[in-house]
Amino acid sequence: MILVLSPDTRSDSSEYKQLMVHLANLPGISTRVHSEVGVEQTLTEVYLIGNTKALPVEDMRNLPCVEQVVRISEEYRVLGRHKDDHRSTHFDYNGVRFGQDTLNVFAGLCAVDTLEHVELMMRALRDNGQVCTRMGAYKPRTSPYSFQGHGKACLPYVFELAGKYGIKVIAMEITHETHVEEIRDALFRTGNATGVMLQIGTRNTQNFELLKIVGRQQDFPVLIKRGFGITLDESLNAAEYLASEGNRKVVFGLRGMKTNMADPHRNFVDFAHVPVVKRLTRMPVCIDPSHSVGMRAPSPEGILDIMHVTAQGVIAGANMVLVDFHPVPNKALVDGPQALLIKELPLFLEDIRIARAAYEQRTALISRYQEAES
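As the structure is a computational prediction, the values presented were derived from the model and not from experiment.

The rules behind each value
Along each chain, residue indices are assigned from 1 in the same order as the chain's sequence is written. Totals for whole chains, interfaces and linings use every residue, but because this is a predicted model, local features are given only for residues with pLDDT of at least 70 and side-chain atom pairs only at 80 or more, for both listing and counting. Side-chain numbers come from the whole structure's heavy atoms, not from hydrogens or water. Criterion for a salt bridge: a side-chain nitrogen of Lys or Arg within 4 Å of a carboxyl oxygen of Asp or Glu. The secondary structure listing takes helices from DSSP runs of H or I that are at least 4 residues long and strands from runs of E that are at least 2 residues long, numbered from the N terminus. What makes two strands pair is DSSP finding at least two bridges between them. As a rule, the C-alpha atoms of each element are fitted with a line to give its axis, helices using only the stretch in contact, and angles between N-to-C directions run from 0 to 180 degrees. When checking whether two residues touch, look at their non-hydrogen atoms; a contact exists if any pair is within 4.5 Å. We call a set of buried residues a nonpolar core when its members are Ala, Val, Leu, Ile, Met, Phe, Trp, Tyr or Cys and they connect through side-chain atoms within 4.5 Å of each other. Buried means the residue's accessible area, taken with a 1.4 Å probe over protein chains only, is under 20% of the maximum for its type, while exposed means over 50%, and partly exposed covers the values in between. Each pair of aromatic rings taken from Phe, Tyr and Trp, with Trp reduced to its six-membered ring, is defined by centres within 6.5 Å and is described as stacked if the planes are under 30 degrees apart, edge-to-face if over 60, and tilted in the remaining cases. Definition of a polar contact: a pair of N or O atoms within 3.5 Å, with one able to donate and the other able to accept a hydrogen when the atoms are protein atoms, and with sequence-neighbouring residues admitted only if both atoms are side-chain atoms. Within this analysis, the arc is defined by the directions that extend from the helix axis to the C-beta atoms.

Chemist: What is the right way to look at the pattern of salt bridges in this model?
Modeler: Pairing between side chains of opposite charge can happen when their charged atoms approach one another. Under the criterion given, the structure shown has 19 salt bridges. Across the pair Arg 184 and Asp 219 runs a salt bridge whose closest N-O atoms are separated by 2.8 Å. In this pair, Arg 184 sits in helix α5 (residues 177-189) while Asp 219 sits in the loop between α6 (208-216) and β11 (222-225), placing the two residues 35 residues apart along the sequence. With its nearest N and O atoms 3.4 Å apart, the salt bridge here joins Glu 209 to Lys 212.

Here it is in structure tokens:
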């Protein structure tokens, strides 16, 4: 059970103390308090852990400070959707909103290779009205002999250029707990020129100790990708690890399933699960068409497969697109064959706009139908 307290409830107020004393006296029930400090107000949730079935919702709603009571199901206790759950499905970070009703595009370099390429990418993003990007500093690779990324050495110039070109959020994969501190330190040294969304890649989806550590910090939101060889339920529980440790600013990423049944694509595209994740949880959903398709092949009408699957995900209601671009793909040190060209960025963004408009038209159609039926 979750008790959602009135906004700006203070922990030193007499009403809050009265509430916590009452909860402490409930037999077999322990509590966990989570507070989210926003720009305008602080929201506090109290999680009741134990056998809460005997606790009447109306009685709990009448306790001091309590604004809403949510009786949770067993699955995805923190991030899941539950009966009569009216908690928000969005969060704000560094001036950008991430929610189940928003759409943000993170176009950029799968792996940072040169300062010149970073600047070319960020300039193109600014010129096309974008404030988010992807920039890989740490790159886990299947082969130990492949390029592993420049690591912390590239962070200063990546963050400085982001500030120069007005980029507010950079999606950046981490593979070890030390990377969090390296990112935090580099941001501080560059005057917090930008923001970072930590990315848990598909290989680390079940690295539970890393998930716990990343979940305990609340400076950065987290994009967690679905594991490429595990079920959706297992991947959603991995996201729950982050939230159970305190970080509720989580985006769930679909990036394709590893199976040769996807051939000739790199992975089997799983974007039909966009509405499923939104139905089961309150997380915004990201799609990664580059790693799903893995190639620049066009269809007979000339539309790239990557653009086709992006449109499929956006029409299904995706809230974030993570996509590879590169100034010179044949010189990219990671995943060059799947990178789109910078000159294709306006085309890609316009195609997304068309797909998003189709999604909005479809939801409006269903809304009118439901109103007519009711």
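Chemist: For this particular structure, what's the right way to read the sheet that holds strand β1 (residues 2-5)?
Modeler: One open sheet holds the 4 strands; their spatial order is β2-β3-β1-β4, and the pairing between them is antiparallel. Either end of the sheet is taken by a strand with one partner, and the two such strands are β2 (29-37) and β4 (66-70). Here the average twist between neighbouring strands, direction ignored, is 20°. As defined by bridge partners, β1 adjoins β4 across 4 bridges and the pair is classed as antiparallel. Note that in β4 the partner of Ile 2 across the bridge is Val 70. Against the sheet, helix α1 (residues 14-24) engages β1, β2, β3 (42-50) and β4, with an angle of about 150° to β2.

Chemist: Any chance you could explain the nonpolar core here in plain terms?
Modeler: Membership of the largest hydrophobic core comes to 92 residues, with the highest contact counts inside it found for Met 122, Met 135, Val 158, Phe 159, Met 172 and Ile 183. Discounting chain neighbours no more than four positions away, the residues touching Phe 159 are Ile 170, Met 172, Ile 183, Ala 186, Leu 187, Thr 190, Ala 193, Thr 194 and Val 196. With 17 residues, the next largest nonpolar core counts Leu 3, Leu 5, Val 46 and Leu 63 among its residues.

Chemist: Please explain the packing of aromatic side chains as it appears in this structure.
Modeler: For any pair of aromatic rings, the description rests on two quantities: the centre-to-centre distance and the angle between the ring planes. Overall, the coordinates contain 4 aromatic pairs when judged by the stated rule. Look at Phe 91 and Phe 98: their rings are 5.4 Å apart centre to centre, the planes differ by 25°, and that puts the pair in the stacked class. Comparing Phe 91 with Phe 98, the two get one shared label, buried. Between Phe 325 and Phe 348 the ring centres are 5.7 Å apart and the planes differ by 75°, which places this aromatic pair in the edge-to-face class.

Chemist: When you look at helix α10 (residues 305-315) in this model, what are you seeing that I'm missing?
Modeler: Helical geometry note: an α-helix holds 3.6 residues per turn, so side chains three or four residues apart project in the same direction. In terms of burial, α10 is a largely internal element, 8 of the 11 residues being buried. Taken together, the buried positions of α10 are Asp 305, Ile 306, Met 307, Val 309, Thr 310, Ala 311, Gly 313 and Val 314. Among the residues trailing α10, Gly 317 stands out with phi positive, at a value near 110°.

Chemist: Where do I start with the pairing of strand β6 (residues 96-99) in this structure?
Modeler: Regular strands place their side chains on alternate faces of the sheet. Bridging between strand β5 (residues 90-93) and β6 involves 4 bridges; their strand directions are antiparallel. The residue of β6 that forms the bridge with Phe 91 is Phe 98. In sequence, β5 turns back onto β6 through a hairpin of 2 residues, with Asn 94 there showing a positive phi of about 50°.

Chemist: Teacher, can you tell me more about unusual backbone geometry here?
Modeler: With the exception of glycine, the majority of residues adopt a negative phi angle, and the majority of peptide bonds are in the trans configuration. Cis rather than trans, the peptide bond between Asp 263 and Pro 264 has omega equal to 10°. Along the chain, the position of Pro 264 falls in the loop between β12 (250-254) and α8 (274-280). With a phi angle near 50°, Asn 94 is a residue other than glycine that sits in the positive phi range. Mapped onto the elements, Asn 94 comes out in the loop between β5 and β6. Judged by relative accessible area, which is 39%, Asn 94 ranks as partly exposed.

Chemist: Honestly, the side chain of Asn 247 in this entry has me stumped. Any pointers?
Modeler: With respect to the secondary-structure elements, Asn 247 resides in the loop between α7 (232-244) and β12. Overall, the relative accessible area of 2% leaves Asn 247 in the buried class. Within the structure, Asn 247 has its side chain in polar contact with the backbone oxygen of Phe 220 (distance 3.0 Å). Not counting residues within four places of it along the chain, the set of residues in contact with Asn 247 comprises Val 214, Gly 215, Gln 217, Gln 218, Phe 220, Val 222 and Leu 242.

Chemist: Sorry, what's going on with α1 here?
Modeler: When we look at burial in α1, the residues that qualify are Tyr 16, Leu 19, Met 20 and Leu 23. All buried residues of α1 lie within an arc of 95° about the axis, which places them on one face of the element. Away from the buried face of α1 by more than 90 degrees, exposed residues Ser 14, Gln 18 and Val 21 are located. The elements touched by buried residues of α1 are β1, β2, β3, α2 (57-61) and β4.

Chemist: Could you clarify how one ought to interpret the side chain of Gln 130 in this entry?
Modeler: Summarising the element assignment, Gln 130 is placed in the loop between α3 (115-127) and β8 (132-134). Overall, Gln 130 belongs to the buried group, its relative accessible area being 17%. Separated by 3.3 Å, the side chain of Gln 130 and the backbone oxygen of Asn 128 make a polar contact.

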